[in-house]
Amino acid sequence: MRLNLREIINIPGASVTFDYAPDLSDTAFGSVRGVKAPVRAVGFIKNNAGVLDFTAEVDAVLACTCARCLKEFDKSVHLRCQATLTEQEHDKDEADKYVLDGDYADVDEIILTDFVLNMDQRILCREDCQGLCSTCGADLNNGPCACGAQIDPRLAVLGQLLENET
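Throughout what follows, the structure given in this document is the object of discussion.

1. Points about the overall build of the protein chain
- Broken down by element type, the protein chain carries two helices and seven strands.
- For the protein chain, the N- to C-terminal ordering of α and β elements is β-β-β-β-β-β-β-α-α.
- Radius of gyration (C-alpha) of the protein chain: 24 Å, far over the 15 Å computed for a compact globule of 166 residues.
- Here the protein chain, with 166 residues, has 33% of them falling under the buried criterion.
- Separation of charge centres in the protein chain, based on 15 positive and 28 negative side chains, amounts to 4 Å.

In structure tokens:
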């Protein structure tokens, strides 16, 4: 969505609001396979003494794959986006600044960039996810696998030392 800022660019204290559904359906990164519709973004751009401040609240449901057990699940997220809009090019190190296209702001670009940069790359289905057995691939959330405890061959000598102690 391109938002016309012509009416607020030269008027300190003026603002323009927005409430829409950005299209994030093609967004996939890390453990996120996609973003389910509807996504809602509500916010405003305010002229603070000549500086255009962008603020938005984004609510979405992510279609995820657990980084440990590979189960598919949905996760609701709420993200607060904040950025500064400028008329001139800026230093590339300033990730939270965006250049206006004439009198317009590309709200989709700001939200998508902030959305991807602020999401975890590795998302778990639950905090205590046990993952998969590295030997047989069994889901350890369903209980222990049949492999039993595997001893690292590099540490087997230490086990022999403990056996001799008793």
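2. Things to note about helix H1 (residues 107-117)
- All buried positions along H1 are accounted for by Val 107, Ile 110, Ile 111, Asp 114 and Phe 115. Summarising the axial view, the buried residues of H1 lie within an arc of 125 degrees, below the 170-degree limit, and thus occupy one face.
- For H1, the capping residue at the N-terminal end is Asp 106, with a side-chain oxygen 3.3 Å from the backbone nitrogen of Asp 108.

3. A closer look at the packing of aromatic side chains
- Taken as a whole and judged by the stated rule, the model has two aromatic pairs.
- Among the aromatic residues, those joined into a ring-pair cluster are Phe 18, Tyr 20 and Phe 54.

4. Some details on a nonpolar patch on the surface
- A contiguous nonpolar surface patch, about 500 Å² in accessible area, is contributed by Ile 151, Leu 155, Val 157, Leu 158 and Leu 161.
- Take Leu 155: its relative accessible area is 47%, and that puts it in the partly exposed class.

5. Some remarks on the environment of Cys 129
- Note that Cys 129 resides in the loop between H1 and helix H2 (156-165).
- For Cys 129, a relative accessible area of 4% gives the class buried.
- Spatially, the C-alpha atoms of Cys 129 and Cys 69 are 7.2 Å apart, while their sequence positions differ by 60 residues.
- Discounting residues that sit within four places of it in the chain, Cys 129 has contacts with Cys 66, Arg 68, Cys 69 and Asn 141.

6. Observations regarding the pattern of salt bridges
- This model, assessed by the stated rule, comprises eight salt bridges.
- With its nearest N and O atoms 3.1 Å apart, the salt bridge here joins Asp 103 to Arg 6. Separated by 97 residues along the polypeptide, Asp 103 in the loop between strand E6 (97-99) and strand E7 (104-106) and Arg 6 in the loop between strand E1 (2-4) and strand E2 (15-20) bring together distant segments of the chain.
- With a relative accessible area of 25%, Asp 103 lands in the partly exposed category.
- For Lys 36, the salt bridge goes to Asp 74, with nearest N and O atoms at 2.7 Å. With a gap of 38 residues between them, Lys 36 in strand E3 (residues 32-48) and Asp 74 in strand E5 (residues 72-86) connect regions that are remote in the sequence.
- Judged by relative accessible area, Lys 36 falls into the partly exposed class, the value being 36%.
- A relative accessible area of 44% means that Asp 74 is categorised as partly exposed.

7. Observations concerning the pairing of E3
- Where E2 lies against E3, six bridges are found, and the strand directions are antiparallel. By the bridge assignment, Val 16 is partnered in E3 with Ile 45.
- Direction of pairing for E3 relative to strand E4 (residues 51-65): antiparallel, over a ladder of 13 bridges. Its bridge partner being in E4, Ala 41 is matched across the sheet by Val 58.
- In this antiparallel pair of consecutive strands, E3 and E4, the connection spans two residues, and Ala 49 shows a positive phi of 55 degrees.

Conventions adopted
Residues numbered from 1 in each chain as written. Predicted model: local features only at pLDDT ≥ 70, side-chain atom pairs only at ≥ 80, totals over all residues. Heavy atoms only, no water. Helix = DSSP H or I, 4+ residues; strand = E, 2+ residues; numbered from the N terminus. Rg over C-alpha atoms; globule rule 2.2 N^0.38 Å. Buried < 20%, exposed > 50% of the residue type's maximum accessible area, 1.4 Å probe, protein only. Lys, Arg positive; Asp, Glu negative; His and termini not counted. Charge placed at Lys NZ, Arg CZ, Asp CG, Glu CD. Arc of directions from axis to C-beta. Polar contact = N/O pair within 3.5 Å; in protein donor to acceptor, adjacent residues only side chain to side chain. Phe/Tyr/Trp six-rings, centres within 6.5 Å; stacked < 30°, edge-to-face > 60°. Patch = residues over 30% accessible without salt bridge, like charges linked within 9 Å, V, L, I, M, F, W, Y side chains within 5 Å. Areas by Shrake-Rupley, 256 points an atom, 1.4 Å probe, with all protein chains shown as cover. Salt bridge = Lys/Arg side-chain N within 4 Å of Asp/Glu carboxyl O. Contact = heavy atoms within 4.5 Å. Pairing = 2+ DSSP bridges.

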